[in-house]
Amino acid sequence: MKKLINEVDDVVRDELEGIAAAHPHDVKVNFDPFYITRADAPVQGKVALVSGGGSGHEPMHGGFVGMGMLDAACPGEVFTSPTPDQMLEATKAVSGGAGVLHIVKNYTGDVLNFEMAADLAGEEGIEVESVVIDDDVAVQDSLYTAGRRGVGATVLAEKICGAAAEEGRSLTEVADLCRKVNGQARSMGMALTSCIVPAAGQPTFELGEDEMEIGIGIHGEPGRERMKVASAAEVVELLTKPILDDGPISPGDNVLAFVNSMGGTPLIELYIVYRDLHRYLEANGVTITRNLIGPYITSLEMQGASITLLKLDDELTRLWDAPVKTPGLRWGA
Amino acid sequence: MKKLINEVDDVVRDELEGIAAAHPHDVKVNFDPFYITRADAPVQGKVALVSGGGSGHEPMHGGFVGMGMLDAACPGEVFTSPTPDQMLEATKAVSGGAGVLHIVKNYTGDVLNFEMAADLAGEEGIEVESVVIDDDVAVQDSLYTAGRRGVGATVLAEKICGAAAEEGRSLTEVADLCRKVNGQARSMGMALTSCIVPAAGQPTFELGEDEMEIGIGIHGEPGRERMKVASAAEVVELLTKPILDDGPISPGDNVLAFVNSMGGTPLIELYIVYRDLHRYLEANGVTITRNLIGPYITSLEMQGASITLLKLDDELTRLWDAPVKTPGLRWGA
Amino acid sequence: MESIGLDEVLAWIRQIAARIEEQRGYLTELDSAIGDADHGINMNRGFKAVLEKLESSPPTDIAGALRTVAMTLIGKVGGASGPLYGTMFIEMSKAVGDDDRIDAARFAELLRAGIDGVIARGKAEEGDKTMIDALEAAYRAISESVASGADLSEAVEAAVEGAKEGMEATIPMVARKGRASYLGERSAGHQDPGATSSHLILAAASETWR
Amino acid sequence: MESIGLDEVLAWIRQIAARIEEQRGYLTELDSAIGDADHGINMNRGFKAVLEKLESSPPTDIAGALRTVAMTLIGKVGGASGPLYGTMFIEMSKAVGDDDRIDAARFAELLRAGIDGVIARGKAEEGDKTMIDALEAAYRAISESVASGADLSEAVEAAVEGAKEGMEATIPMVARKGRASYLGERSAGHQDPGATSSHLILAAASETWR
Ligand SMILES: Nc1ncnc2c1ncn2[C@@H]1O[C@H](COP(=O)(O)OP(=O)(O)O)[C@@H](O)[C@H]1O
Ligand SMILES: Nc1ncnc2c1ncn2[C@@H]1O[C@H](COP(=O)(O)OP(=O)(O)O)[C@@H](O)[C@H]1O
Ligand SMILES: [Mg+2]
Ligand SMILES: [Mg+2]
Ligand SMILES: [Mg+2]
Ligand SMILES: [Mg+2]
């Protein structure tokens, strides 16, 4: 394993110390338990947004704390959900009296831990709503399983709901908006190489020199299908067809297209993917009116990419365009 | 070779088509010859900034075209300097009557091609000044060699000089400022893995499972020393000590610290490097007052990082903070 | 052994920690086949913290010992297994009440309470390819054993046997809960890591209470 | 062969393109040891474009043919070798003027002019481990050969021999120019890619003009 780290057990702590040193004017880092809040938290009268999840997906979530996006993020160990005490403390730290929205990616661990935290926060008199994001079409959705994973739509939901909260909308409104974003967004990812969990020290899975994994999860969970590597245009079709087939996006729609690096794939390749996505959608009558291209929800050093499409309307577009000022996403401020 | 690309020969064209599709309101892409300009170019009365170099370093330079930074970028083939015709056409396209600054990284190819282009532009009556960036302390500087390479300082110079040009400063002033930034900045990089030039199809160099290369160039040029992999803290010292030993930065100085990914190293590791850099500089009496952390001058999918330190004063700080709106770097707008 | 008290419960917990530490790589390997390669790491982090906690604030009764395990797992493990095992030990702690001795029948009751907690939290059923498969099979075995008049050691040994069968039964299953469910059919052919750690937890009891 | 005209010059250029295409991997491999692994790719891209250009706008005299090579290399190669070889062919084109035949002495003069162009642009000297080492050794050899009365074929063969020696002489050198100079002492022990392509360019002449 080759990584720029110190002790394997200190990866998350060291990272948080880096974030604290790098962005002292924007965020506050709490070390016991681990959580990150806006430097100006709590913002009185504003619905507060709290998210969290395993580390290893940077900039998500810690990099999205700041004006116009999250109020707090709870980082777990690498690829491991954080614990209820972190979420509870973060929730208390950012609660500004207007309620707190928990944005939870749909993984059993995240869901269970956030559930416990929401119960505890409720007992302390803080109104909490939870929205579970489950946009990954690589996984068959079903009432009898853990359901779909939460992936790229999380970033979009955090941005859009963050903007709505800044506008002073109520907890119910922001939570409904979050459900709307989740309902209108679909994602799928793929990997060219495996990531290496620092504590494991070796690749999570083995891929042959000429193989790729389609439908990969952001924790290196195996995907739908292992196949021979293909061109960017073919990969785009393999990812985008299931997204379009899944429902919410139809010909004639405007979408936000989010082309994401899994961590090890550089921007030059993302732009090629974007080009092919643009063509594919054009051929299918779907118009890209907003985009986001870069490493925003990563899987350590995994090479690969994911595509997220969010159906846009005027409201979502306006909230997407609203100013945001976080270490990981910034415009208009 | 595993990459999200189509035909190897089309990598740069496909990438440019992606950029054109992604940022139509911000940049214009010219395809014959290849160059990228601000959508609103030429800006009358403003000194225009033109840079360029081989592709494979994204977002540099194309991603830095826009308000407050470059007026044009000329992408060459992967890791190969662009050609004089590109530079000449780009220079003509953005010239707003106040002169054009060529920001050139010190590689023989870039220097020679930009020299030819500057001569040709001069023949066409456009005033051109050229500044060569050579901040890489991994290479021994000498009058009898090609000299140092231009690396991370290029990004900082493009941002700072872009802000100065926006303020309406003259060509001589902007060129002098660029020389000042270059004089006060020093960099050094390292690699954990090799990159793969698409047309070559295999790694540029081989590194053992437990080896790293200290002093690597951004084209996979071998570095100063190959050694056993070490902790982030040790790597930081290996990169930063030569930077501090080199001259311009002394105890008591304020610096901008730029921790850059070579492309395949994810943000989680960069923050750990930043933490260790922060400590190392603190112990050496140097204060970080600004920072930039992310993949900004990459080497395809190479894993590794580089550190650039720029000594700041009030002028440079103010220009760094000035609004910038490009696909790759954005704040205040 | 007819029954146990606080000391034996503490010895059990220490043995769990030791066995998890020892099997950490194996559990993680199982999780890398159908999950995210961290189950051994998670459990080991949790039980190491439990040991520290037992040192720094020694519990004074069985309920307190089980509660310490629960709260530490909840606070340190994260992932799915943290809240699930945390809930299991909380429910066992609640069920044991003020008792200072546990015999075979009582242990079976505690196990039932713990399993019900896991089900309430995780909504898994037998056959979903989770820890529930090992735990339910263990409960069936211990119930039968208790009914046939076994003492604690014998009953726990039966539970371990049951857990082992339940654990191995997960191999052909297609996962319907947890991270492995994302794999659909591809999850078949691999043993569930959580079922494996459940077996380990019961095996630790049997190894201690002889 | 005593002298050559436009047809032989065109044949030479085509042979360069063929040999570069064939040796493309080798040149790139050399460049990956001490450069950035693109010299073969660069040169091949350039000479493929030269072939297309010769098809689409056939030159009418030797100067025009050499100029086409020059301008196409400048416009298509990039890197260090683009402007350097571009300049070399420009200066050869200028030096040939209106001549429609070239003999041994004249070819030596053209080579001198080309080399001087490369030096003016790149500021390298012999011993810097660049194409200049192959080119200057080639020039010395062809000058001697011409002085001793050789015809064009013999003279060019001598030039190739000289280029080969100059190319091999770069192996132990420590680079002082170009990308290889970044390596300092570590550049020793590797043959310079540009010197190798220079040898190839002259070898193509000798292969054509027999
Ligand atoms: N809903 C559930 N009910 C019961 N057990 C579950 C459930 N979901 C997951 N598990 C168990 O948790 C184990 C995985 O634990 P672990 O790897 O620590 O957490 P994570 O999946 O969050 O990484 C699985 O092997 C399975 O036995
Ligand atoms: N200043 C120079 N003068 C003469 N030749 C040079 C000079 N710099 C580099 N070269 C030659 O150029 C060759 C490298 O060409 P190439 O790989 O195509 O360009 P780049 O180094 O830009 O990638 C070197 O092997 C060397 O022979
Ligand atoms: Mg996990
Ligand atoms: Mg090159
Ligand atoms: Mg797991
Ligand atoms: Mg080269």
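Up top is the structure.
About the criteria used
- Every chain begins its residue count from 1, and numbering advances along the sequence as written.
- All chains are assigned letters beginning with A, and all ligands numbers beginning with 1, in the order in which they are written.
- Restriction of local features to residues with pLDDT of at least 70 applies here, the model being predicted, together with a cutoff of 80 or more for giving and counting side-chain atom pairs; totals for whole chains, interfaces and linings are based on all residues.
- With hydrogens and water excluded, all non-hydrogen atoms of the structure serve as input to the side-chain values.
- Numbering of helices and strands runs from the N terminus; a helix is a DSSP stretch of H or I covering at least four residues, while a strand is a stretch of E covering at least two.
- The quantity called the radius of gyration is restricted to C-alpha atoms. Its globule counterpart is 2.2 Å times the number of residues to the power 0.38.
- Relative accessible area decides the class of each residue, using a 1.4 Å probe on protein chains only: under 20% of the type maximum gives buried, over 50% gives exposed, and in between gives partly exposed.
- Note on contacts: a residue pair is in contact if any heavy atoms of the two residues lie within 4.5 Å.
- With residues, only the protein chains shown are counted as cover, and all accessible areas are computed by Shrake-Rupley using a 1.4 Å probe.
- The charge count treats Lys and Arg as positive and Asp and Glu as negative. His and the chain ends do not count.
- Charged groups are reduced to one reference atom each: NZ for lysine, CZ for arginine, CG for aspartic acid, CD for glutamic acid.
- Between rings of Phe, Tyr and Trp, where Trp is taken as its six-membered ring, a pair exists when centres lie within 6.5 Å; planes separated by under 30 degrees are stacked, by over 60 edge-to-face, and by other angles tilted.
- Whether a charge sits over a ring comes down to the Lys NZ or Arg CZ being within 6 Å of the ring centre and within 35 degrees of the ring normal.
- Each metal's donors comprise the N, O and S atoms found within 2.8 Å of it (within 3.2 Å for Na, K or Ca). Water is not part of the atom list, so some coordination spheres may appear incomplete.
- We define the nonpolar core as a collection of buried residues of types Ala, Val, Leu, Ile, Met, Phe, Trp, Tyr and Cys that are connected through side-chain atoms lying within 4.5 Å of one another.
- Each pair of strands is called paired provided DSSP finds at least two bridges between the two strands.
- In this analysis an axis means a line fitted to C-alpha atoms, helices contributing only their contacting stretch, and an angle means the value between N-to-C directions, from 0 to 180 degrees.
- Cavities and pockets were defined on a 1 Å grid built from protein atoms only: a cavity is a group of points that admits a 1.4 Å probe but offers it no way out, a pocket is an open group of points flanked by protein on both sides within 12 Å along at least five of seven lines, and a lining residue is one with an atom within 4 Å of any such point.
- Grid points are joined across faces, edges and corners, and a volume is the space filled by probe spheres set on the points.
- Here a residue counts as near a molecule or strand whenever at least one of its heavy atoms sits within 4 Å of it.
- As used in this structure description, the phrase polar contact means that two N or O atoms lie within 3.5 Å; if the pair is within protein, one of them must be able to donate a hydrogen and the other to accept it, and residues adjacent in sequence are counted only when both atoms belong to side chains.
- Each residue is assigned to one of three groups, with Ala, Val, Leu, Ile, Met, Phe, Trp, Tyr, Cys and Pro labelled nonpolar, Asp, Glu, Lys and Arg labelled charged, and all others, Gly among them, labelled polar.

**Student:** So what's going on with the overall build of chain C? Which residues, and what values?
**Tutor:** Secondary structure assignment for chain C yields 8 helices and 2 strands. Secondary structure of chain C in N-to-C order comes out as β-α-α-α-α-β-α-α-α-α. Here the C-alpha atoms of chain C give a radius of gyration of 16 Å, agreeing with the 17 Å that 2.2 N^0.38 yields for 210 residues. Counting only C-alpha atoms, chain C reaches 45 × 40 × 30 Å along its principal axes. Taking all 210 residues of chain C together, the buried fraction comes to 62%. Counted over contacts in chain C with a minimum sequence separation of 6, partners at least 24 positions apart contribute 70%. Approximately 7,800 Å² of chain C is accessible, and the part contributed by carbon and sulfur atoms is 50%. Where the 22 positive side-chain charges of chain C centre and where its 34 negative ones centre are 8 Å apart.

**Student:** How would you explain the packing of aromatic side chains if you had to name every residue and give the values?
**Tutor:** A full pass over the atoms with the stated rule returns 16 aromatic pairs over all chains. Among the aromatic side chains, those forming a connected cluster through ring pairs are W12, F89, F107 and W209 of chain C. A cation over a ring is seen here: R112 of chain D above Y139 of chain D, with NZ or CZ 4.7 Å from the ring centre.

**Student:** Before we move on, can you summarise the coordination of the magnesium ion (ligand 4) with the specific residues and values?
**Tutor:** Donor atoms from the polypeptide that bind the magnesium ion (ligand 4) are F79 of chain B (O), D36 of chain D (OD) and D38 of chain D (OD), placed at 2.1 to 2.6 Å. Taken as a pair, the magnesium ion (ligand 4) and the magnesium ion (ligand 6) show a spacing of 3.5 Å, with D36 of chain D coordinating each metal. You can see F79 of chain B sitting in the loop between strand 4 (72-78) and helix 2 (84-94) and its partner D36 of chain D sitting in the loop between helix 1 (6-34) and helix 2 (39-56), one on each of two chains.

**Student:** Which residues make up the nonpolar core, and what are the values?
**Tutor:** One recurring pattern in soluble globular proteins: nonpolar side chains tend to sit buried together. With 103 residues, the main nonpolar core has L309 of chain A together with L49, L101 and L310 of chain B as its most contacted residues. Broken down by element, this core gets its largest block of residues, 10 residues, from helix 7 (residues 267-283) of chain A. Each residue touching L49 of chain B, except ones within four places of it in the same chain, is listed here: M69, L70, D71, A72, L101, I103, E158, C161, G162, A165 and V174 of chain B.

**Student:** With reference to specific residues and values, describe the sheet that holds strand 4 (residues 72-78) of chain A.
**Tutor:** All names here are of chain A. Pairing within the open sheet is mixed, and its 6 strands lie in the order 1-2-4-3-5-6. Whereas interior strands pair on both sides, the edge strands pair on one side only; in this sheet they are strand 1 (27-31) and strand 6 (128-133). The mean angle between the axes of side-by-side strands here comes to 20 degrees, regardless of whether they run parallel or antiparallel. Sheet topology places strand 5 (residues 100-105) next to strand 6; 6 bridges connect them, and they run parallel. Bridge assignment links L101 to a residue of strand 6, and that residue is E129.

**Student:** Lay out the environment of L207 of chain A in plain terms, naming residues and giving numbers.
**Tutor:** Along the chain, the position of L207 of chain A falls in the loop between strand 7 (185-191) and strand 8 (211-214). When the C-alpha positions of L207 of chain A and G56 of chain A are compared, they lie 20 Å apart, and in sequence the two are 151 residues distant. Beyond its immediate chain neighbours, meaning those up to four positions away, L207 of chain A contacts A191, L192, T193, M212, E213 and R226 of chain A together with K2 of chain B.

**Student:** Kindly report on unusual backbone geometry, identifying the contributing residues and their values.
**Tutor:** Residue and element names in this part refer to chain B. Cis geometry marks the peptide bond from D32 to P33; its omega dihedral reads 0 degrees. The amide bond that connects M60 to the next residue, H61, takes the cis arrangement and shows omega of -10 degrees. Counting through the fold element by element, H61 comes out in the loop between strand 3 (48-55) and strand 4. Even without being glycine, L300 reaches a positive phi, approximately 55 degrees. The residue L300 is located in the loop between strand 11 (287-294) and strand 12 (304-311) in this model.

**Student:** An account of the layout of surface pockets is needed here, citing residue identities and associated values.
**Tutor:** Regions of empty space are outlined by a rolling probe, equal in size to a water molecule, passed over the atoms. One number sums up the size of the second largest pocket: a volume of about 1,300 Å³. Along the wall of the second largest pocket there are 50 residues; nearest its centre are E77 of chain B together with R45, G75, K76 and V77 of chain D. At the level of secondary structure, the elements contributing two or more residues to the lining of the second largest pocket comprise helix 1 (11-22), strand 4, helix 2 and helix 3 (108-123) of chain B together with helix 2, helix 3 (62-76) and helix 4 (81-96) of chain D. When residues in the lining of the second largest pocket are grouped by element, the largest group, 8 residues, is from helix 2 of chain D.

**Student:** Provide a residue-level description of the site of ligand 1, including the pertinent values.
**Tutor:** Inspection of the region around ligand 1 gives 21 residues, with H39, A80, S81, G122 and D192 of chain C positioned closest. Residues near ligand 1 are shared among chains A and C, making this a multi-chain site. Contact distances for ligand 1 include 2.9 Å between an oxygen atom and a side-chain N or O atom of D38 of chain C. Contributions of two or more residues to the shell around ligand 1 are made by helix 2 (39-56), helix 4 (81-96) and helix 8 (193-208) of chain C. At 3 residues, the largest contribution of residues to the shell around ligand 1 is made by helix 8 of chain C. Residue composition of the shell around ligand 1, by class: 6 nonpolar, 9 polar and 6 charged.

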